[in-house]
Structures are given as structure tokens and as C-alpha cells.
Amino acid sequence: MYKLSPFKYSFSNGEQSRKIFLEKSLVFKKNEMIAIVGPSGGGKSTFLKILKGIIPEYSSGVLVGDILFHDKPLYGENFQNNLKNILYLFQNPFSQLIYPTPEEEFLFSMENFNYSNDQMNSERKKFEKIFGLESLWGKKNSQLSNGECQKLVLASLLAINPEVLLLDEPTAFLDPQARREFYQFLKMIKGDRLVIIVDHHVDEIKDLVTGFVEVSRDGKISHGNSDQARVDNETLPMLLDKALLPEHTNLELKLTNLSFSYEKNNSLIQDINLSVRGGEVVAVTGKNGAGKSTLMKIIAGIMKGDSGKVTFSSGAKEFSGTKIFSQTGLIFQNPETHFFFDTIEEELKQSLKNITDPIFKEGILQRFFHDIDLKKSPFLLSEGEKRRLSVLMTVFLGKGLIIYDEPTFGQDRKSIHEIATLIKELKKTGIIQLFISHDDYFIKEVADKVLHLEKGSLHEIS
């Protein structure tokens, strides 16, 4: 289906511009399921955009070489002809939403390709069952969790029955059960179309895929294997005493009989009681749509509970309601929510002002990024790099409470280790850290306790 001759794509005309390139020809066949592996920020998502034809059709960069689909270039009039044949799931699923409700979103693609009512109803019933979409109907898209949004976009793409599925981190926000069910679905369709997938859960897909392609840190594309997704687990400490972060003592976060609902008579959170003390790292787990992100926003003071109380104590001072936000560093699920400026340098200016040692500051940047250009727009980073930037923008502000919503989204194993090391070092300053995650490995690595949110109740699990 695909014939890729040696090519090079540069993000701009400059000689120093970041590139991805192929030196030896590649062929992808109809019945294959290919996993793309490599470090976060190397260019895996860029490669998928080339395979979709978004690059060079909607790109200001420069592509030199031939990428053929059914022996024809992907750009120009062929791009329009392939809209139904090649479907692409973006790494950030919210960027693909068009309509305000899940029902409209799911039906849009089929309506666009003139499906009959009977066909649309048939596909709706099919994917309701596969992805458990019934719970989404009646909601607004703005109320969806990232995991729910990811399932919705996946279902709407698959309903079109494309020849090629390009999947960029399709399980990044799915809970473990939903992730297993999705892999089962891939197993069902294996062999009847070409699937090319970027997924950091390599151990879970290695027996499912038929081959690997690696995109290295310097952008080189080549045949690969599952071992190339693994990295050395050893990570050096960050020695955050050089960051001049304040030491916190006698911190406590308390939730007392906290309840919240989006709809009357349908509680999302019900009578939650919780106490967390300074120095603790607490993980919150639960199925997609259980209310984890909503709970964290209430704790941070940017949403209000229907009843009950949230208090954050720092010594003799006590904060409640919206006043808690002044004491909180909240890392949102969508990293772009954090960005306001034209350059990465401007975004980091406030948070890194507490780091006066230039060598340490450069070391932090090198640990989290590979040859980052601080004059670049944060919106041009990969999704994994955006997540790491949002973390760095937040954790050095000196807040007593830090909340991370899916901190390992889009991260390779090395980057996960760096984030885990940072959380462990921050723990020494006495702050409270809460995080939402579906990553069992990361939870085991950093959490002092694990709380599970289910049917409105929060309970500790071993």
C-alpha cells in the first residue's frame, strides 16, 4: 500500500532545523500491523502526519523524496481522495472534536460520506458495545475525560472502515481495562487493513504487531524491534536543593463529606473524606469518566463542590474554596492549557526564576528535552514534550500542593523515569503531591498510597 523511498523532512529551510529522514526504502502492506517506536520527541507523530499526507499538504516545512500510497503521491488532489481511505487519530483527541456533543461527533464522519440512517444506526450499536459509549450520550464534549474523548474519536474513525488506520498513542488516556479491550479489538481487525500505531505500552502490543519501525532521537527512520523502545532504568537524582525551593512543614489537605454532580440526582462524587499530609505522594486511579479530573479541579479550587468542604492547611494558615488555588500547582490533562506565550523561553521564565545556578538549569532542560530551542513556540512541540514542559512550568513555582493529571501521557520510559525522579526529589521539600494515572509502573514507582475512585466513592487499595 505504501512505498517510501529515501526522504527527508525539515521543519523549516534552515540548516539547523530539526529533521526526520529515511535512508533505506520501506514498504507497508495491507495486512500488516506496524508499531512505531522510539524516544519521545524524536518524530513519531511527524512520521504519521507524513503517512496521512498532512505533511506536506498543510505544512510550512520542506519534504524531499517520494511517499506513495497505491503508487500515487499523498498530496494534492490525492490527499482529498484519501480522506476516507487513510484515517489518523491525533495524540491529543480533543483537537479532533468538531461538534458540542458525542452523538453529533460520532455521526459526523458517516454523514460526511453519505452513510444511510440504517448504516449509521448499525455502526452506532456496534461501537457502543465495543467502546462502552452508552455512558457518553447526553453529555457535552466539554464534560468528557480524555479517556472518554479518545474512545469517542476512535469509534468515529473506525465506523468509516478505512483502509489505513494511523493511531498516535490510542491508549494513552485509557484505563487498563479499556486498553485491554482496545487491543482485543485490534486483534479482531488484524489482517484486513493496514494499522500503524505509536504506543509506549510495547510489552502489551509486541505479540500483536507484525513489525516495528524505529524513529531515533535524531529523527532517523529504520526497521526496528521492541527492544528499541526500552531504555536504561538508571536515573541520577536532581539535587533540587540548588533550585532554592522553599521547605514546607505542617501541610495538610482535608476533604470533608465532599460531593459533586453535573446532573441532578446523578452524583459523580459522593461524601468523600480524605486527609493527606506534607511529604505524601498519592495516586488516584479509576475508570475513564469516573470523575478523577473533576475531583482534582475541586481540590485545586477551580471548581466548587455541591456540598462538603476542601481545606489546605500550611502551619497556622488555612485555605478553602477558591483560595486553595493560590497554594496549588495544577498540571492539566491537556498541556496546551498552560501555554500563553510565543516561545518556550517565555513560558519557563516565571517557573525557573528560582533556579539561579545556570549549569543546574541547563541540566534540567537537557534531562527533559533533547536539544530544545527555547525560541520555538511551545505549540510546535510533540505532545510528549508539551507534557514535560507543562510539568517544568509548574513544579518549580514553590507551591505547597501539586496536582498532576496524567503526568506520563506521551512519555517514553526514560522520560517517565525523569518525571518520577523529579516527584521523589520534590517530596523531600515537604509538599503534598497528588496525581492521576493509568500507568501501573509509574504508580508503583512513586506513590506512597493509591486511592481508587469508583461510583462516587474513594477508597485506598494496596
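Refer to the preceding data block for the structure.
Small disclaimer: the values here were computed from a predicted structure and weren't measured. (Residues numbered from 1 in each chain as written. Predicted model: local features only at pLDDT ≥ 70, side-chain atom pairs only at ≥ 80, totals over all residues. Heavy atoms only, no water.)

Student: What is the right way to look at the side chain of Gln433 in this model?
Tutor: Here Gln433 lies in strand β21 (residues 432-436). Excluding its chain neighbours within four sequence positions, the residues that come into contact with Gln433 are Glu280, Val281, Val282, Ile402, Tyr404, Ile423, Leu426 and Lys427. (Helix = DSSP H or I, 4+ residues; strand = E, 2+ residues; numbered from the N terminus. Contact = heavy atoms within 4.5 Å.)

Student: Help me out: how do you make sense of the packing of aromatic side chains in this one?
Tutor: The geometry of an aromatic ring pair comes down to the distance between the two centres and the angle between the two planes. One pass over the structure, following the stated rule, counts 15 aromatic pairs. Ring centres of Phe127 and Phe185 lie 6.2 Å apart, and the angle between their planes is 65°; this geometry places the pair in the edge-to-face category. Of this pair, Phe127 sits in helix α5 (residues 117-131) while Phe185 sits in helix α7 (residues 176-189), and the two are 58 residues apart along the sequence. Here Phe185 falls in the buried class, since its relative accessible area comes to 6%. Considering the side-chain rings of Phe260 and Tyr262, the 4.9 Å spacing of their centres and the 90° angle between planes classify their relative orientation as edge-to-face. Three or more aromatic residues link up through ring pairs in this structure, and these residues are Phe127, Phe131, Phe182, Tyr183 and Phe185. Residue placement shows Arg124 over the ring face of Trp137; its charged tip is 4.6 Å from the ring centre. The ring of Tyr441 is capped by Arg413, whose NZ or CZ atom sits 4.1 Å from the centre of that ring. (Phe/Tyr/Trp six-rings, centres within 6.5 Å; stacked < 30°, edge-to-face > 60°. Buried < 20%, exposed > 50% of the residue type's maximum accessible area, 1.4 Å probe, protein only. Lys NZ or Arg CZ within 6 Å of the ring centre and 35° of its normal.)

Student: How should I be thinking about the nonpolar core in this particular structure?
Tutor: The nonpolar side chains of soluble globular proteins are, as a tendency, buried together. In terms of nonpolar packing, the biggest core is built from 41 residues, with Phe106, Phe127, Phe131, Leu133, Leu167, Phe182 and Leu186 touching the most fellow members. With seven residues, helix α6 (residues 146-158) is the single largest residue contributor to this core. Not counting the four nearest positions on each side in its chain, Phe127 is found in contact with Phe106, Gly132, Leu133, Ala155, Leu158, Ala159 and Phe185. Among the nonpolar cores identified, the runner-up in size contains 40 residues, and Leu245, Phe339, Ile344 and Ile419 belong to it. (Core = buried A, V, L, I, M, F, W, Y, C linked by side-chain atoms within 4.5 Å.)

Student: Could you clarify how one ought to interpret the pattern of salt bridges in this entry?
Tutor: Side-chain pairs of opposite charge can arise whenever the charged atoms involved come near each other. Evaluation of the coordinates by the stated rule reveals 16 salt bridges. One salt bridge connects Glu280 with Lys449, and the closest N-O pair in it is separated by 3.7 Å. Taken together, the positions of Glu280 in the loop between β15 (269-277) and β16 (281-285) and Lys449 in strand β22 (residues 449-454) put the pair 169 residues apart, joining distant regions of the chain. Its relative accessible area of 18% is what places Lys449 among the buried residues. Measuring nitrogen to oxygen at the nearest pair gives 3.2 Å for the salt bridge that ties Lys428 to Glu425. Looking at Glu425, the relative accessible area reads 9%, which means it is buried. (Salt bridge = Lys/Arg side-chain N within 4 Å of Asp/Glu carboxyl O.)

Student: Help me understand the sheet that holds β16 in this model?
Tutor: Within a sheet, neighbouring strands are paired by backbone hydrogen bonds and run either parallel or antiparallel to one another. One open sheet holds the six strands; their spatial order is β19-β20-β21-β16-β22-β23, and the pairing between them is mixed. Edge positions in the sheet fall to β19 (328-331) and β23 (457-461), since each of these pairs with one other strand and no more. Strand after strand, the sheet turns through a mean of 20° between neighbouring axes, direction not considered. Pairing analysis gives four bridges linking β16 to β22, with the strands arranged parallel. Counterpart to Val282 in the pairing with β22 is Lys449. Against the sheet, helix α12 (residues 383-395) makes contact with β19 and β20 (401-405), and its axis sits at roughly 175° relative to β19, the strand it touches most. (Pairing = 2+ DSSP bridges. Axes fitted to C-alpha atoms, helices over the stretch in contact; angles between N-to-C directions.)

Student: In this structure, what is going on with the side chain of Glu347? I would like to understand it.
Tutor: Checked against the element boundaries, Glu347 lands in helix α10 (residues 344-349). Within the buried set, Glu347 has no salt-bridge partner at all; the shortest N-O distance to an opposite charge, 11 Å, is to Lys386. Within the structure, the side chain of Glu347 is placed 2.6 Å from the backbone nitrogen of Phe340, a separation counted as a polar contact. Beyond its immediate sequence surroundings of up to four residues, Glu347 is in contact with His338, Phe339, Phe340, Phe341, Pro378 and Met393. (Lys, Arg positive; Asp, Glu negative; His and termini not counted. Polar contact = N/O pair within 3.5 Å; in protein donor to acceptor, adjacent residues only side chain to side chain.)

Student: Help me understand the environment of Gly308 in this model?
Tutor: Looking at the secondary structure, you find Gly308 in strand β17 (residues 307-314). Gly308 has contacts with Thr256, Asn257 and Leu258, leaving out every residue within four places of it along the chain.

Student: Explanation requested: unusual backbone geometry in the structure shown.
Tutor: Generally, phi is negative for residues other than glycine and the peptide bonds are trans, each holding for most cases. The residue after Ile55, namely Pro56, is reached through a cis peptide bond having omega 15°. Positive phi is not limited to glycine here, since Asn161 has a value of about 60°. Mapped onto the elements of the fold, Asn161 is located in the loop between α6 and β10 (164-168). In this structure, Lys455 is a non-glycine residue whose phi angle is positive, near 55°. Note on placement: Lys455 falls in the loop between β22 and β23.

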